[in-house]
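A structural walkthrough
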Amino acid sequence: MIGGLFIYNHKGEVLISRVYRDDIGRNAVDAFRVNVIHARQQVRSPVTNIARTSFFHVKRSNIWVAAVTKQNVNAAMVFEFLLKIIDCMQSYFGKISEENVKNNFVLIYELLDEILDFGYPQNTDTGVLKTFITQQGIKSQTKEEQAQITSQVTGQIGWRREGIKYRRNELFLDVLEFVNLLMSPQGQVLSAHVAGKVIMKSFLSGMPECKFGINDKIVMDNKGKGLNTEEQVRSGKPVVVIDDCQFHQCVKLSKFETEHSISFIPPDGEFELMKYRTTKDISLPFRVIPLVREVGRTRMEVKVVLKSNFKPSLLGQKIEVRIPTPLNTSGVQLICMKGKAKYKASENAIVWKIKRMAGMKETQLSAEIELLETDTKKKWTRPPISMNFEVPFAPSGFKVRYLKVFEPKLNYSDHEVIKWVRYIGRSGLYETRC
Amino acid sequence: MLPHAVSFSILKTGDAKYFTTTKKGEVFELKAELNSDKKERRRDAVKKVIAAMTVGKDVSALFPDVLNCMQTDNLELKKLVYLYLMNYAKSQPDLAIMAINTFVKDSGDANPLIRALAIRTMGCIRVDKISEYLCDPLRNCLKDNDPYVKKTAAVCVAKLYDINPQLVEDQGFLDELKELLSDSNQMVVANAVAALSEITDSSPSGTPLVWMDSTAINKLLIALNECAEWGQIFILDSVANYTPQHELEAQSICERIIPRLAHANAAVKLSTVKVLMKYMEIITDAEFVNMLTRKLTPPLVTLLASEPELQYVALRNINLIVQKRPEILKREVKAFFVNYNDPIYIKLEKLDIMIRLTSKENIGQVLSELKEYGSEVDVDFVRKSVRAIGRCAIKVEEFSERCVTTLLELIQTKVNYVVQEAVVVIKDVFRKYPNKYEGIIGILCECLDTLDEPEARASMIWIIGEYAERIDNAGDLLEGFLHGFADENIQVQLQLLTAIVKLFLKRPSESQELVQQVLSLATQTDNPDLRDRGFIYWRLLSADPAAAKEVVLSEKPLILDEMDLLEPSLLDELLCHISSLASVYHKPPSAFMDEVSGQRKALPIGFQFSEETSSLDAQSIDSSEECPVVEVEDLLGVDMAPTGFEYGPIGQSATSGESSVDLLSSSLDELGLGNPFLCALSAIPAPYSSPKALWLPAAKGKGLEIYGTFVRKNQEIYMEMTLTNQSTDALSDFAIQFNKNSFGVIPALPLQVPSPLPPNGSCEVSLLLSTTGSIQKTNPLNNLQVAIKNSVGVLYFTCLIPMHVFFTGDGQMDRRVFLSTWKELPAQHEVQYTLENMALNPDIVVQKMKQNNVFTIARQHVEDHDVLYQSIKLTNNLWILVEIRIPLGESFPTVSWLIFFVGALSMNRILS
């Protein structure tokens, strides 16, 4: 199991060090600094073995979080745990930075004592931790309160406490999808998938049981017997083929496996209900058509056509196309029909920004790039053109069909709950090779 | 280190100020503050101490002062003091004892959070006195009403076991821990599982504590559905260590854990994959296996969307899974296409998996991807991509032409390292498809000058030599290389030598001079490989050019499609470690850990059930079908049934006159275990060694005669030989080698024979042996094939190693382990004899046996018998348990042998 946990700043100075096991000596702290943080070469793996001791590290915004062990531990668990600690710290004090870590070191030690015992991860749910790890110090807890805390930390429903009350029972669903695309210069889709998640914000009283329905193909096939997919599409009820999905720990997995129904008792406030991945029938919101011509050794012409490919009534937002330029670029002349384009020398790229663009439109940018003459034989590698955007629909075709709430003990019914659904499609890695 | 005087002018409000310390008199000041009357000041002082401790300063001098602050109702302060205690208690054991009172008091506090905190902290303090005082509070906490306290106590048992295993066993904590498996709270169960698994792994006796049976597994699987994510991991990891009794059990466990594949935590997913991969080996129902295969695909692909660090763990594991069961991901090659922004460690892993998944169906896509990668930035990655194109060519014949074209395009880029790498793989393509692509040789020759790496140069030279008859200026090209011969890498030198000889054999008229030049260069170097190869060619060419042609220009076997595969037994072992560090390193745990206790893991061997036996009734299953048992019998190469013994006289056995001893020795010799008994029963002073036997008669040994035997002295095995020279010439230059054998016996030192050994001379040699060599099963098991070299030639003979030399000095088994093992081993493993006509004194038996590393565990007096229980451990970790009943009267002693083994590793090696 995890033998020790260290947090360093970017210089390799230790900010937090907690040792859980006797086989980890003080020199482990230095070993990691010398061999990984101060290593001459780029780190080639997040797992390093130094003198028969293994180090796992995660680096986030200049802070290194490292776990160390001498045993054959479950590596996936260690990384999941490190990421969880980072989450947890963020939810307590915001951004992970040297200042914040130092300012909260007592809190961090307290957390580390609670969520890792002898190297075994314990309850890491921030909602629950916040009920009893506070920086105020618990002075006046009644017996009932104490018992409630302990039963919650260890409880089956470790993610929700009893006795929550709201005047207005309300819930928000955000379907957030990231479209990933890799396209060849000829416009052939090399790979495309949607990584989606459903984020739920719930303000519900009591211990509500929820049932969540989506237009998943398997469920819909069972329902609309006899209709095949095409007929369903024609009948205005498109379905989505989900390759794989995973759920927050509140969802009863065995029930999903057998009945394909998603039922759960939600944590209070915001959480990620499910994540899913689809690869079939993705509507790609934008298409980038690049044309690169190298004119001699000192000049290059680039033309990029951008087409929006969704309903004309909808608006795409925060559109940004990033066109990489060679390292020896000396000057760029730009003309674009829409939005603003700039050459950013420090990033070696032309950045073309468009605030809004309706569906089924087309616009273009042309650039003349002047190059300095160089003697290096090596050709420019032409990194892909990437783009960012946000559209108000789910590119996978994912639809929420219902979310029903049952609270048997309290007297509010499903239709009294105010429900909101929003669909957002964003770019993940959206790249076109040129 | 943090700078000692950091000032945070902006952030005076947060705790960062505690890092701000002045250097001088710091400890002194802190001491004063710690003893202040004001609570606030004391708390701040403790914070400063902790900050100093973090930075690595030694603040142990403040121990008594910090300890003073322990008695407080402020939980935050208490936790800080405990943190300090955990760090320094070991260095101040006497002072630490002062904390006991508070701990014991806290462990009975009304607040469960404080009870748990006390027990949690106490377990982390490695001071013997404190551990002793821990027992009572721990026992109370294990029975606490509050689940939070109980789950903390469960982990505390593991902590205590780490400090003092004997104490845990004596206090009966293990049983209490086992009881917690049935607790109603999921987290208590989860922590109990984690603690038990750890204790089992580190149990010093090397024998697993038996706690996992089908009922226990059933409980765990029920708890699994209710557990938090970490608990699910603990449970799944221990289920992975359990081998189901029969196929239906395996299937039902699989069905129950499949839903975990949809869990958001990657570790839960991977641990589920581990169990499924292991159980798939057992399941024979093809349809079920297909179902599992289908279910495994989507979660594995989904893992590729996680954080890069997790992705890395996933990819390393997928690499293993794909080698074992490629069908799981064969349609998903696109998922492994590299993203421009992936960290380099992800890119390299993805590339590796891509190649493994390449097939006729997808090679078109893969190839165009690989070509794209050829223009990436990272040199290692580009090289690997180029190499991958070559591997595609070798793997899929239909596409080899396209691959070669792609490689040529890459050569045109003139990027130095791309060209070199391309040349190396093109050589492999030639070796797979000889005489198919020689058209491109011209293009290759053009880039001759750019090649500066040895491997690329050697590959190019090989190509020129191989196709010398078609390259007009082959002679000139090779001559060009020859100019700098002395400065070349040995790889290039060897290749150049061979290539020029090939050229000479193909076009003798033009290259006579060249070949002479290279031969004389090669034979004058210091490198023995190069020199000897030079001489061989030289003699071949001068003695029989036709034979030379046959040898040098013979047809070469084609190279294989699959490369870089892990060795199958290692792969199987690693699959049992899915998700763990071993699977990330692709190395067995022993390769990166200090000490590995317990068994090495191996995939279970499938049950071969007939229709009838696959019923649920476990009773109906013949236990001889369980794998380890069969192996033991196999290993010893003995029919264990008593009827199988052949009773024959053995020539020179040392006897004390009774005919029965001969009988006994021969039957035991079948087992290869008899000698110590002989010794015990006879009057020979211990330790026993058998007399030397004639191993190699002079007639077969070209005049060398060898008598020899094996003995065990000072816990080492020696081979003792008498070498006699019966020939007329003096013998010299002795050397010895053994063939692979069942016990991995190899000479630990070179053979030392005074040479020359004159005619009729004789000498005694004692050769130290070790058992660390490679293992291969021999028949009979203790057979050893030996090769002895001397100035006359190489001589071969075989001999038998008496079993008793393998008895190790640490064969004393723990009493309880002995007892439980004896009970567990089924009757089939038992062999019994009666030693007739023999009166034995138990005391002498015990003593004599001990001298031969047969340890007496227990001695009992039952009615009219004396019963001895003994254990023996062999060098390969095989254990043998013995029971001897010695009657008081005139009847005969009975000996039972029970055999089992620890260390599945050695067995598997023998069998595979």
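Residues numbered from 1 in each chain as written. Chains lettered and ligands numbered in written order. Predicted model: local features only at pLDDT ≥ 70, side-chain atom pairs only at ≥ 80, totals over all residues. Heavy atoms only, no water.

Under the annotation held in an unreviewed UniProt entry, chain B carries the name AP complex subunit beta and is attributed to Orchesella cincta. Entered under Sequence similarities (unreviewed entry) in the UniProt record, the comment concerning chain B runs "Belongs to the adaptor complexes large subunit family." Note on chain B: under the UniProt heading Subcellular location (unreviewed entry), the record states "Endomembrane system". (UniProt positions renumbered as here; feature names shortened; annotations may be inferred.)

Looking up chain A in an unreviewed UniProt entry gives the name AP-2 complex subunit mu, with the organism given as Orchesella cincta. Taken verbatim from the UniProt record of chain A, the Sequence similarities (unreviewed entry) comment is "Belongs to the adaptor complexes medium subunit family."

1. A few points about the overall build of chain A
What chain A contains, in helices and strands, is nine helices and 23 strands. By the burial criterion, 53% of the 434 residues in chain A qualify as buried. The long-range fraction of contacts in chain A, counting pairs at least 24 apart against all pairs at least 6 apart in sequence, stands at 70%. When the accessible surface of chain A is split by element, carbon and sulfur atoms take 50% of a total near 19,800 Å². (Helix = DSSP H or I, 4+ residues; strand = E, 2+ residues; numbered from the N terminus. Buried < 20%, exposed > 50% of the residue type's maximum accessible area, 1.4 Å probe, protein only. Contact = heavy atoms within 4.5 Å. Areas by Shrake-Rupley, 256 points an atom, 1.4 Å probe, with all protein chains shown as cover.)

2. Some words on the overall build of chain B
Along the backbone of chain B there are 38 helices and 13 strands. Counting only residues that meet the buried cut, chain B has 56% of its 912 residues in that class. In chain B, the proportion of contacts linking residues at least 24 apart, taken out of those at least 6 apart, comes to 65%. Accessible area of chain B: about 38,700 Å², with a carbon and sulfur share of 49%.

3. Thoughts on the nonpolar core
Counting 276 residues, the largest nonpolar core has Phe56(A), Tyr84(B), Leu138(B), Leu370(B) and Phe430(B) as the members making the most contacts within it. Here the element with the most residues in this core is helix H2 (residues 75–93) of chain A; it accounts for 13 residues. Ignoring any residue separated from it by four or fewer positions in sequence, one finds Phe430(B) in contact with Tyr437(B), Glu438(B), Ile440(B), Ile441(B), Leu444(B), Trp462(B), Ile463(B) and Tyr467(B). Among the nonpolar cores identified, the runner-up in size contains 45 residues, and Leu696(B), Phe734(B), Cys799(B) and Ile801(B) belong to it. (Core = buried A, V, L, I, M, F, W, Y, C linked by side-chain atoms within 4.5 Å.)

4. Section: the sheet that holds strand S5 (residues 63–69) of chain A
All names here are of chain A. Strands sit in the order S2-S1-S5-S4-S3 across an open sheet of five strands; the sheet is antiparallel. Among the strands making up the open sheet, the edge pair consists of strand S2 (14–19) and strand S3 (47–50). Neighbour to neighbour, the strand axes of the sheet diverge by 20 degrees on average, direction disregarded. (Pairing = 2+ DSSP bridges. Axes fitted to C-alpha atoms, helices over the stretch in contact; angles between N-to-C directions.)

5. Description of the interface of chain B and chain A
Quite often, the size of an interface is put as the accessible area lost when its parts meet. Taken together, the contact pairs 107 residues of chain B with 89 residues of chain A. Across the chain B to chain A interface the summed buried area is about 8,800 Å²; carbon plus sulfur atoms make up 55%. Taken together, the links from chain B to chain A amount to 15 salt bridges. Residues belonging to the side of chain B that touches chain A are distributed by class as follows: 60 nonpolar, 20 polar and 27 charged. (Buried area = accessible area lost by both parts, 1.4 Å probe. Salt bridge = Lys/Arg side-chain N within 4 Å of Asp/Glu carboxyl O. Nonpolar A, V, L, I, M, F, W, Y, C, P; charged D, E, K, R; others polar.)

6. Some thoughts on the packing of H2(A) against helix H14 (residues 229–239) of chain B
At a minimum axis separation of 12 Å, H2(A) and H14(B) run at an interaxial angle of 170 degrees. Taken as axis vectors, H2(A) and H14(B) run roughly antiparallel relative to one another. Of H14(B), the residues touching H2(A) (which contributes Met77(A), Glu80(A), Phe81(A) and Lys84(A)) are Glu229(B), Trp230(B), Ile233(B) and Phe234(B). For the contact of H2(A) with H14(B), the per-class residue count stands at five nonpolar, no polar and three charged. (Parallel < 35°, antiparallel > 145°, perpendicular 65-115°, else oblique.)

7. Examining the pattern of salt bridges
Residue and element names in this part refer to chain B. In total, this model carries 72 salt bridges over all chains according to the counting rule given. Of the charged contacts in the structure, one is a salt bridge between Lys 384 and Asp 352, with a shortest N-O distance of 3.7 Å. Residue Lys 384 is found in helix H21 (residues 379–395), and its partner Asp 352 is found in helix H19 (residues 344–357); the two are separated by 32 residues along the sequence. One salt bridge in this structure joins Arg 383 and Glu 453, with 2.5 Å as the shortest N-O distance. Here the residue Arg 383 occupies a position in helix H21, and Glu 453 occupies one in the loop between helix H24 (441–446) and helix H25 (454–466), the gap between them amounting to 70 residues.

8. Side note on the sheet that holds strand S7 (residues 783–789) of chain B
Residues and elements named next belong to chain B. Ordered by their spatial adjacency, three strands build an open sheet running S4-S7-S8, and the pairing between neighbours is antiparallel. The open sheet has two free edges, formed respectively by strand S4 (735–738) and strand S8 (794–800), since each of these has just one partner strand. Within this sheet the neighbouring strands show an average axis-to-axis angle of 25 degrees, counted without direction.

9. Structural notes on the packing of aromatic side chains
Aromatic rings considered in pairs are described by the distance between their centres and by the relative angle of their planes. On inspection of all chains with the given rule, the structure shows 30 aromatic pairs over all chains. Between Phe56(A) and Phe79(A) the ring centres are 5.3 Å apart and the planes differ by 75 degrees, which places this aromatic pair in the edge-to-face class. With Phe56(A) in strand S4 (residues 53–60) and Phe79(A) in helix H2, the pair connects residues that are 23 residues apart, well separated along the chain. Judged by relative accessible area, which is 1%, Phe56(A) ranks as buried. The interplanar angle of 40 degrees and the centroid separation of 5.2 Å between the aromatic rings of Tyr373(B) and Phe381(B) together place this pair among those described as tilted. In this pair, the class of Tyr373(B) matches that of Phe381(B), namely buried. Counting every residue linked through ring pairs, the aromatic cluster contains Phe6(A), Tyr8(A), Phe32(A), Phe55(A) and Trp64(A). (Phe/Tyr/Trp six-rings, centres within 6.5 Å; stacked < 30°, edge-to-face > 60°.)

10. With respect to the side chain of Lys427(B)
All names here are of chain B. With respect to the helices, strands and loops of the structure, Lys 427 is situated in helix H23 (residues 416–432). Taking relative accessible area as the criterion, Lys 427 reaches 15% and is therefore assigned buried. Ignoring anything within four residues of it in the chain, the contact list for Lys 427 reads Ser 459, Trp 462 and Ile 463.

11. Considering unusual backbone geometry
Positioned with a positive phi, Arg52(A) is a non-glycine residue whose angle comes to about 60 degrees. By relative accessible area, Arg52(A) is classed as partly exposed at 33%.

12. Examining helix H4 (residues 105–115) of chain A
In terms of burial, H4(A) is largely enclosed, as 11 of its 11 residues are buried. Turning to H4(A), its buried residues number three or more, namely Phe105(A), Val106(A), Leu107(A), Ile108(A), Tyr109(A), Glu110(A), Leu111(A), Leu112(A), Asp113(A), Glu114(A) and Ile115(A).

13. Overview of the environment of Val149(B)
All names here are of chain B. In this fold, Val 149 is placed in helix H9 (residues 147–163). When the C-alpha atoms of Val 149 and Asn 111 are compared, they prove to be 10.0 Å apart, with 38 residues separating the residues in sequence. Every residue in contact with Val 149, bar those within four places of it in the chain, is listed here: Pro 112, Arg 115, Ala 116, Cys 141 and Asp 144.

14. Some words on H23(B)
The first and last C-alpha atoms of H23(B) sit 25 Å apart over 17 residues, in line with the 24 Å expected at 1.5 Å per residue. With 15 of 17 residues buried, H23(B) is to be regarded as a mostly interior element. (Expected span 1.5 Å × (residues − 1).)

15. Quick notes on the side chain of Ser184(A)
By the secondary structure assignment, Ser184(A) is in the loop between strand S8 (170–183) and strand S9 (189–203). Each residue touching Ser184(A), except ones within four places of it in the same chain, is listed here: Leu190(A), Thr432(A) and Arg433(A).

16. Focus on empty space enclosed by the protein
In the structure shown here, the tally under the stated rule is 10 cavities of 30 Å³ or more. Considered as a void within the structure, the largest cavity measures approximately 150 Å³ in volume. What lines the largest cavity is a set of 15 residues, among which Pro384(A), Arg433(A), Tyr340(B), Glu372(B) and Glu376(B) lie closest to the centre. Taken together, the residues of the lining of the largest cavity sort by class into seven nonpolar, three polar and five charged. (1 Å grid on protein atoms, 1.4 Å probe; cavity = no way out; pocket = protein on both sides within 12 Å on 5 of 7 lines; lining within 4 Å. Points joined across faces, edges and corners; volume = space filled by probe spheres on them.)

17. Concerning the packing of helix H27 (residues 490–506) of chain B against helix H28 (residues 508–523) of chain B
All names here are of chain B. Two elements in contact, H27 and H28, have axes separated by 8 Å at closest approach and are oriented at 155 degrees. If you check the angle between H27 and H28, you find them roughly antiparallel. The handedness of the crossing between H27 and H28 is left-handed. Contacts between H27 and H28 pair Leu 497, Ile 500, Val 501, Leu 503, Phe 504, Leu 505 and Lys 506 from the former with Pro 508, Ser 511, Gln 512, Leu 514, Val 515, Val 518, Leu 519 and Ala 522 from the latter. (Left-handed = near helix turned anticlockwise from the far one by under 90°.)

18. With respect to a positive patch on the surface
Residue and element names in this part refer to chain A. Where like charges cluster on the molecular surface, the positive patch consists of Lys 340, Lys 342, Lys 353, Lys 355 and Arg 356. The set of elements that each furnish at least two residues to the positive patch consists of strand S18 (340–344) and strand S19 (349–358). The element best represented in the positive patch is S19, accounting for three residues. Here Lys 353 shows up in strand S19. On the basis of relative accessible area, Lys 353 is assigned to the partly exposed category, the value being 44%. (Patch = residues over 30% accessible without salt bridge, like charges linked within 9 Å, V, L, I, M, F, W, Y side chains within 5 Å. Lys, Arg positive; Asp, Glu negative; His and termini not counted. Charge placed at Lys NZ, Arg CZ, Asp CG, Glu CD.)

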